[in-house]
Amino acid sequence: MDRYQENYRKLLQLLPGLHDMNGPVKLTALGHNDVNIDVIERNKHRLVLRMSHYLERLHGSAIPDPDMTVEVFLAAETVGALTYTDCFGSRRVFCPEMMAFSPMAKSELNNFLDQWLTKMIADGRCQPKAELA
């Protein structure tokens, strides 16, 4: 199983209703800040999600750190990272302004996504029961 299929399997474990997802979802775990997941784009074959973990700042509102967009290919059962932002900056797999693709960014962001999904599962993150209905 390659990394994209493994990331799909992990995301499906966190979001059992992934194939029918149309609106925002929160993943919660006792003692941890929520991870918010929003649907940015949806069509028959592809789903684009924004995943944000908000950190509380000392003087002000919470900021997303990290904040990722990922694309899910439903029939192929794969998940791949598109963008990543944290308090230090941002990275993209594809830069439309320059028509440039970065294989290094793609590899690094998908490695991070794998680690993040693994940590969310280990933390016991799940959707609150009210959101599953």
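Residues numbered from 1 in each chain as written. Predicted model: local features only at pLDDT ≥ 70, side-chain atom pairs only at ≥ 80, totals over all residues. Heavy atoms only, no water.

What exactly am I supposed to notice about the side chain of Arg125 here?
Note that Arg125 resides in the loop between helix H2 (103–122) and helix H3 (129–132). One buried charge, Arg125, has no salt-bridge partner; the nearest side chain with opposite charge is Asp123, at 4.1 Å. In terms of polar contacts, Arg125 uses its side chain to reach the backbone carbonyl oxygen of Asn33, at 2.8 Å. Ignoring sequence-local partners within four residues, the contact set of Arg125 consists of Leu14, Leu27, Thr28, Ala29, His32, Asn33, Asp34, Val35, His53 and Met120. (Helix = DSSP H or I, 4+ residues; strand = E, 2+ residues; numbered from the N terminus. Buried < 20%, exposed > 50% of the residue type's maximum accessible area, 1.4 Å probe, protein only. Lys, Arg positive; Asp, Glu negative; His and termini not counted. Salt bridge = Lys/Arg side-chain N within 4 Å of Asp/Glu carboxyl O. Polar contact = N/O pair within 3.5 Å; in protein donor to acceptor, adjacent residues only side chain to side chain. Contact = heavy atoms within 4.5 Å.)

Would you mind showing me how to read a nonpolar patch on the surface here?
Where nonpolar side chains cluster on the molecular surface, the patch consists of Phe94, Met99 and Phe101 and spans about 350 Å² of accessible area. Looking at the secondary structure, you find Met99 in the loop between strand E7 (94–95) and strand E8 (100–101). (Patch = residues over 30% accessible without salt bridge, like charges linked within 9 Å, V, L, I, M, F, W, Y side chains within 5 Å. Areas by Shrake-Rupley, 256 points an atom, 1.4 Å probe, with all protein chains shown as cover.)

What am I meant to see in the packing of helix H1 (residues 3–14) against H2 here?
Each packed pair of helices is defined by two parameters, the angle between the axes and the distance between the axes. As a packed pair, H1 and H2 sit with axes 10 Å apart at the nearest point and diverge in direction by 30°. On the basis of the axis angle, H1 is roughly parallel to H2. The handedness of the crossing between H1 and H2 comes out as left-handed. Contact residues: Arg3, Tyr4, Glu6, Asn7, Lys10, Leu11, Gln13 and Leu14 in H1; Lys106, Asn110, Asn111, Leu113, Asp114, Leu117, Thr118, Met120 and Ile121 in H2. Here the residues of the contact of H1 with H2 are counted per class, giving 7 nonpolar, 5 polar and 5 charged. (Axes fitted to C-alpha atoms, helices over the stretch in contact; angles between N-to-C directions. Parallel < 35°, antiparallel > 145°, perpendicular 65-115°, else oblique. Left-handed = near helix turned anticlockwise from the far one by under 90°. Nonpolar A, V, L, I, M, F, W, Y, C, P; charged D, E, K, R; others polar.)

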